[in-house]
Amino acid sequence: MAALTPEVLTSNVTHVGKMNKKKPPKRYWEETDEKRPEEEQGTTRRKQNKSTAKVRSSKWKNDETLEKEDPFPGEAPIPKKKLQKFMRGKKYNVHAEANQKVKEAIMSSEAMTEFAQKQAARYDLLLPEDAGFLEGDEDEDTNTISQDDIADAVDITSGSKYFNLHLSQFGPYRLDYSRTGRHLLVGGKKGHVACINWQSKDLMCEMNVMETVNDVKWLHTEAMFAVAQKKWLYIYDSKGVELHCVKKFNDLLRMQFLPYHFLLATTSATGFLQYLDVSIGKEVAAICTKMGRLDVMSQNPHNAVIHLGHSNGTVSLWSPIQKEPLVKMLCHRGAVRSLTVDKTGTYMVTSGLDRKLKVYDIRAFKTLHSCVLPAGASCLSLSQRGLLSAATGDIVQVYQNILGSSPVSKPYMAHRLRGQIWGLAYCPFEDVLGIGHGEGFTSMIVPGAGEPNFDALDTNPFRSSKQRQEWEVKALLEKVQPELICLDPGQLSKVDLVSFEQKHKERIAALGFDPMEKDRFKPRKKTKGRSSAGNIEKIKRKVAYEDQRDEIRQSIEERTEREKELTQKSMEKEDLGNKSTLDRFKKRKYPQQQ
């Protein structure tokens, strides 16, 4: 290709100028010229056009591209705090003696978990919602702000979440929210039961069972719920049709549903803790606690262990596979009135007749801090974001930053009701606290209580009926067996050596030989007549008893050590036997100083 002359360059100045006008704007990492006054712009443009034309001609000659390198190559770095947020435990240290296939499997799983951790930390930026909060003016306590003021200040949809249901005829009321947070179930002491879609205020069913109702609880979906009536346990559908009457479960007081195990745990006035498998309709376990009336109950969402409060001030932890409590803790000097556990399974909050409110670290079973409430707390509930609500009489107090080492401070919010409070529950994924009392039900706005972002594969508040059916089938396939409920879920990934040895012995007895035993020694075949039958037998005889020789040597060494110990003990006894009580009056011989 012929080189371009200066004449051609000057003739194409206008054309190059037009091309420069169509050029895209420069990026922030590209070099930019300093701004010059408007008078010199006309002359400088021509010079720039000429220089750009020369540069382009030289690059075209060498077949080079005009793109510049990215000054920030590679992926963007991830902050360490976000990586710690999505950390899935410590890395497993592979032993050097492990099998090569085991090493490769562990390394691949560790790489997958690390990749998932990084991806979750990157996509954390896409979560659209943030947790709310309540902030007062200067020198203003947030606990003095009323619910009417909050409802007037927020938008219409949020303000509609504060409402009252006046049901003074059949109270006091227990309540329960579904796992998705859209449906509410209330049950009055005098037999009134109703379930509603509380956000749209649509009534799903309402009935009077004409019997005392002690507790109500949703099951795995909003299509079924359980009612603990005076005599037996009843299960209804969302339209109020009675599905089952379980007469094995009688005199029930409280209930808890374990969603991943499909277990309904119940406590009775006779001191029995019973488990019902909802998927197959069978009783899994019936444990006699021998602790008297059981009217204080909660579950640990982390490991599905049931916590029971007793009249002697103790709290016991139970699993369906054991007839004895896993742990017993002395928490109060008087009877335990209420208890609750946070969603991480780390902290437990209890209240008793001694008017004390205590926060425990379940990992170490130690008290972090305690405080004295004026009238004591009859009901406790923890939100998804760690807010604690405590009911004292007809007043509800909400505390902030109570979990941890910091002591209990003044309440974050407070609200007075008309009747005695009988039940408290936070609505999942909403800044709402449901209160059941003697005059009906109250929905209270608590900013910062709910988790703003939900897992659509687990609990989706906006799922359709088709999605609910698919989720139910998947959850039944992934159901966790009750035998796996224990204090430390991490033990499930470890090997049970005792059961392994027992199974190995049973296998040896069934087969008649040890399949894991080392293969017998086989000498190599040698050429030139050296692998004759006689030579092979000689080699086998030399190697045959090596293992036995090692065992004999070890046994001889142990025997000699025992004999030495016995001889030393006998010598000491002889020395003591020769001595008499008068030997202490003998004159001692001291070494002479030189």
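Just so we're clear, the structure is a prediction, and the values are computed from it rather than from any experiment.

## Brief notes about the overall build of the protein
When its secondary structure is counted, the protein shows 11 helices and 28 strands. Accessible area for the protein stands at about 39900 Å²; split by element, carbon and sulfur atoms hold 51% of it.

## As for the pairing of strand β19 (residues 347-352)
Most of β19 sits out of view: six of its six residues are buried. Side chains of β19 alternate between two faces, with Tyr 347, Val 349 and Ser 351 and Met 348, Thr 350 and Gly 352 buried alike. Summarising the sheet, strand β18 (residues 336-341) and β19 pair through five bridges and their orientation is antiparallel. The residue bridging Leu 339 from the neighbouring strand is Thr 350, located in β19. Between β18 and β19, which pair antiparallel and follow one another directly, the connecting turn spans five residues, one of which, Gly 345, has a positive phi of 75°.

## Comments concerning the pairing of strand β2 (residues 173-177)
Counted residue by residue, β2 has five buried out of five residues, so it is predominantly covered. Across five bridges, the pairing between β2 and strand β3 (residues 183-188) is antiparallel. Residue Leu 175 lies in a different strand from β3, and its bridge partner there is Val 186. Here β2 hands over to β3 after five residues, with Gly 181 in that stretch at a positive phi of 85°.

## Comments concerning the packing of aromatic side chains
Within this structure, the stated rule accounts for seven aromatic pairs. Put simply, the rings of Trp 218, Phe 225, Tyr 234 and Tyr 236 pair up and form one aromatic cluster. Here the guanidinium or amino end of Arg 174 rests over the ring plane of Trp 422, the centre of that ring lying 4.1 Å away.

## Things to note about the nonpolar core
Core analysis: the largest hydrophobic core is formed by 28 residues, its most contacted members being Leu 258, Leu 273, Tyr 275, Ile 306, Leu 308, Val 315 and Met 348. Broken down by secondary-structure element, the contributors of at least two residues to this core are β11 (263-268), β12 (272-277), β13 (282-288), β14 (296-299), β15 (306-309), β16 (314-318), β17 (327-330) and β18. Among the nonpolar cores identified, the runner-up in size contains 22 residues, and Ala 151, Cys 379, Met 413 and Ile 421 belong to it.

## Quick word on the pattern of salt bridges
The full count for this structure, using the stated rule, is 15 salt bridges. For Glu 75, the salt bridge is made with Arg 122, and the minimal N-O distance between the two is 2.9 Å. Residue Glu 75 is found in the loop between α3 (41-61) and α4 (80-85), and its partner Arg 122 is found in helix α5 (residues 100-123); the two are separated by 47 residues along the sequence. Arg 385 serves as the salt-bridge partner of Glu 451, at 3.7 Å between the closest nitrogen and oxygen. Here Glu 451 is found in the loop between β28 (440-445) and α8 (465-477), whereas its partner Arg 385 is found in the loop between β22 (379-382) and β23 (388-392), with 66 residues between them in sequence.

## Some thoughts on the sheet that holds strand β26 (residues 421-426)
Hydrogen bonds along the backbone pair up the strands of a sheet, which may run parallel or antiparallel. Strand order in the open sheet formed by four strands is β1-β28-β27-β26, and the pairing between neighbours is antiparallel. Looking at which strands have only one partner, the edges of the open sheet turn out to be β1 (163-166) and β26. On average, each strand axis in the sheet is inclined to that of its neighbour by 15°, with strand direction left out of account.

## Some thoughts on the side chain of Asp 237
Within the element layout of this structure, Asp 237 appears in strand β8 (residues 232-237). Polar side-chain contacts of Asp 237 include one of 2.7 Å to the backbone nitrogen of Val 241. In this structure, Asp 237 is in contact with Ala 223, Met 224, Phe 225 and Leu 243, ignoring residues within four places of it in sequence.

## Re the sheet that holds β12
If you walk across this open sheet you meet the four strands as β10-β11-β12-β13, and the pairing is antiparallel. With one partner strand each, in any of the chains shown, β10 (252-258) and β13 form the two edges of the open sheet. With strand direction ignored, the average angle separating the axes of adjacent strands in the sheet is 20°. Both β10 and β11 contribute to a ladder of six bridges, which runs antiparallel. By the bridge assignment for β11, Met 255 is matched with Thr 266.

## Thoughts on the confidence of the model for the protein
For the protein, the mean per-residue pLDDT works out to 83, and 83% of the residues sit at or above 70. Every residue in residues 1-20 scores below 50 in pLDDT, and together they form 13 contacts with partners more than four places removed in sequence or on other chains. This stretch, residues 33-39, has a pLDDT under 50; its non-local contacts, to residues over four places away or in other chains, come to three contacts.

## Some points on α5
In a regular helix each residue adds 1.5 Å, so 24 residues correspond to 34 Å; α5 covers 35 Å between its end C-alpha atoms and thus fits that length. By the burial criterion, the buried members of α5 are Ile 106, Gln 117 and Ala 121. Of the surrounding secondary structure, the elements contacted by the buried residues of α5 are α4.

## Quick word on the environment of Asn 197
Mapped onto the elements, Asn 197 comes out in strand β4 (residues 192-197). Taking the C-alpha atoms as reference points, Asn 197 and His 183, 14 residues apart in sequence, are found 4.5 Å from one another. Once residues lying within four places of it in the same chain are set aside, the contact partners of Asn 197 are Arg 182, His 183, Asp 202 and Met 204.

## Remarks on α8
Across its 13 residues, α8 extends 19 Å between first and last C-alpha, which sits within 8% of the 18 Å expected from 1.5 Å per residue. Considered for burial, the residues of α8 that qualify are Arg 468, Trp 471 and Ala 475. All buried residues of α8 lie within an arc of 65° about the axis, which places them on one face of the element. Exposed residues lying more than 90 degrees from the buried face of α8 are Lys 466, Val 473 and Leu 477.

## Re the environment of Thr 314
Mapping Thr 314 onto the fold places it in strand β16. Classification of Thr 314 as buried rests on a relative accessible area of 12%. It is 8.9 Å that separates the C-alpha atoms of Thr 314 and Gly 334, two residues lying 20 residues apart in sequence. Apart from residues lying up to four places away in sequence, Thr 314 is in contact with Leu 308, Gly 309, Met 329, Leu 330, Cys 331 and Val 336.

## Section: a negative patch on the surface
There is a patch of like negative charges on the surface, built from Glu 135, Asp 137, Glu 138, Asp 139, Glu 140, Asp 148, Asp 149 and Asp 152. Examined against the element boundaries, Glu 138 turns out to sit in the loop between α5 and α6 (147-153).

## Details of unusual backbone geometry
Here the residue pair Gly 171 and Pro 172 is connected by a cis peptide bond, since its omega of -5° sits within 30 degrees of zero. As for its position among the elements, Pro 172 is in the loop between β1 and β2. Positive phi outside glycine occurs at Asp 251, with the angle close to 55°. On the secondary structure map, Asp 251 appears in the loop between β9 (242-250) and β10. Within the chain, Ala 304 stands out as a residue other than glycine whose phi angle is a positive 65°. The topology assignment puts Ala 304 in the loop between β14 and β15.

Conventions used here
Residues numbered from 1 in each chain as written. Predicted model: local features only at pLDDT ≥ 70, side-chain atom pairs only at ≥ 80, totals over all residues. Heavy atoms only, no water. Helix = DSSP H or I, 4+ residues; strand = E, 2+ residues; numbered from the N terminus. Areas by Shrake-Rupley, 256 points an atom, 1.4 Å probe, with all protein chains shown as cover. Buried < 20%, exposed > 50% of the residue type's maximum accessible area, 1.4 Å probe, protein only. Pairing = 2+ DSSP bridges. Phe/Tyr/Trp six-rings, centres within 6.5 Å; stacked < 30°, edge-to-face > 60°. Lys NZ or Arg CZ within 6 Å of the ring centre and 35° of its normal. Core = buried A, V, L, I, M, F, W, Y, C linked by side-chain atoms within 4.5 Å. Salt bridge = Lys/Arg side-chain N within 4 Å of Asp/Glu carboxyl O. Axes fitted to C-alpha atoms, helices over the stretch in contact; angles between N-to-C directions. Polar contact = N/O pair within 3.5 Å; in protein donor to acceptor, adjacent residues only side chain to side chain. Contact = heavy atoms within 4.5 Å. pLDDT = per-residue confidence, 0-100. Expected span 1.5 Å × (residues − 1). Arc of directions from axis to C-beta. Patch = residues over 30% accessible without salt bridge, like charges linked within 9 Å, V, L, I, M, F, W, Y side chains within 5 Å. Lys, Arg positive; Asp, Glu negative; His and termini not counted. Charge placed at Lys NZ, Arg CZ, Asp CG, Glu CD.

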